[in-house]
Amino acid sequence: IRGRALPPTISTIPGAILVIDDDLAIREALIDILGLITTATVHGAANGHEGLQFFQPDKQNIVLIFLDMNMPVMNGEETYLRLQQIAPEVKVIIASSLSPAETQHRLGQKRPSAFLPKPFSIDLLVQTLLMVFAMP
């Protein structure tokens, strides 16, 4: 995650955010940045299995998931498919070092809400959030 100046707060995200990424530094940085630019509560999980365990009992409150594709225990592809079965309305942003084409190939016909190529800037993160939540 690259960037210097923090943008204004995005206050209209209507619920909590879950970051699922096995890289502790990336997960914590993204949680911190989202905590600064949104008013949403932000949670973290180290892999897909842990993320699903956190998501299922709280699925009505979590409106956005950042999901890495390459993780141990349960990868992003399997996690995404399970999330779609549990709550197809949840917004999922794939944040990965894989190309968008490779990511889409792995997900098949299922389309995530957005794709963020790692590393990404804070500006791109904000633009993506604005797009996903259709904010002006």
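Everything below is about the structure printed above this text.
Here the structure is a predicted model, which means the values were calculated and not measured.

J.: Mind laying out the overall build of the protein chain, listing which residues take part and the relevant values?
T.: Within the protein chain, the regular secondary structure consists of 5 helices and 5 strands. Taken from the N to the C terminus, the helices and strands of the protein chain come in the order β-α-β-α-β-α-β-α-β-α. Buried residues in the protein chain amount to 46% of all 136 residues. Here the contacts in the protein chain between residues at least 6 apart in sequence split such that 69% fall between residues at least 24 apart.

J.: Hey, could you go over the nonpolar core for me, with residue numbers and the actual values?
T.: Here is a general trend for soluble globular proteins: nonpolar side chains tend to be buried in one another's company. Judged by nonpolar contacts, the single largest core of 23 residues is most densely connected at Ile 17, Leu 34, Leu 64, Phe 66, Ile 93, Leu 125 and Leu 129. Put simply, the parts of the chain that give this core at least two residues each are strand 1 (16–20), helix 1 (24–37), strand 3 (62–67), strand 4 (91–96), strand 5 (114–117) and helix 5 (122–132). The element contributing the most residues to this core is helix 5, with 5 residues. Apart from the residues within four sequence positions on either side, Leu 64 is in contact with Ala 16, Ile 17, Leu 18, Val 90, Lys 91, Ile 93, Leu 129 and Phe 133.

J.: Account for the environment of Leu 125, with residues named and values stated.
T.: Assignment of secondary structure puts Leu 125 in helix 5. A C-alpha to C-alpha distance of 9.5 Å links Leu 125 and Leu 30, two positions 95 residues apart in sequence. Sequence-distant contacts of Leu 125, defined by excluding residues within four places in its chain, comprise Leu 30, Ile 33, Leu 34, Ile 37, Phe 66, Leu 116 and Phe 120.

J.: Describe helix 5, with residues and values.
T.: Those residues of helix 5 that fall on the buried side of the exposure criterion are Ile 122, Leu 125, Val 126, Thr 128, Leu 129 and Val 132. Projected down its long axis, helix 5 carries its buried residues within an arc of 160°, all on one side. For helix 5, the exposed residues set more than 90 degrees away from the buried face come down to Asp 123, Gln 127 and Met 131. Taken together, the buried residues of helix 5 touch helix 1, strand 3, strand 4 and strand 5.

Cut-offs and rules
Numbers given for residues are sequential positions, taken from 1 along each chain in its written order. Restriction of local features to residues with pLDDT of at least 70 applies here, the model being predicted, together with a cutoff of 80 or more for giving and counting side-chain atom pairs; totals for whole chains, interfaces and linings are based on all residues. Only hydrogens and water are set aside; all other atoms, that is, all heavy atoms of the structure, feed into the side-chain values. Secondary structure is summarised from DSSP: a helix means a run of H or I of at least four residues, a strand means a run of E of at least two, and numbering begins at the N terminus for each. A 1.4 Å probe rolled over the protein chains alone gives each residue an accessible area, and that area as a share of the maximum for its type sets the label: buried under 20%, exposed over 50%, partly exposed in between. Contacts were defined at the residue level, with two residues in contact if any of their heavy atoms lie within 4.5 Å. Think of a nonpolar core as a cluster: buried Ala, Val, Leu, Ile, Met, Phe, Trp, Tyr and Cys residues, connected wherever their side-chain atoms sit within 4.5 Å. Our arc is simply the arc of the directions from the helix axis toward the C-beta atoms.

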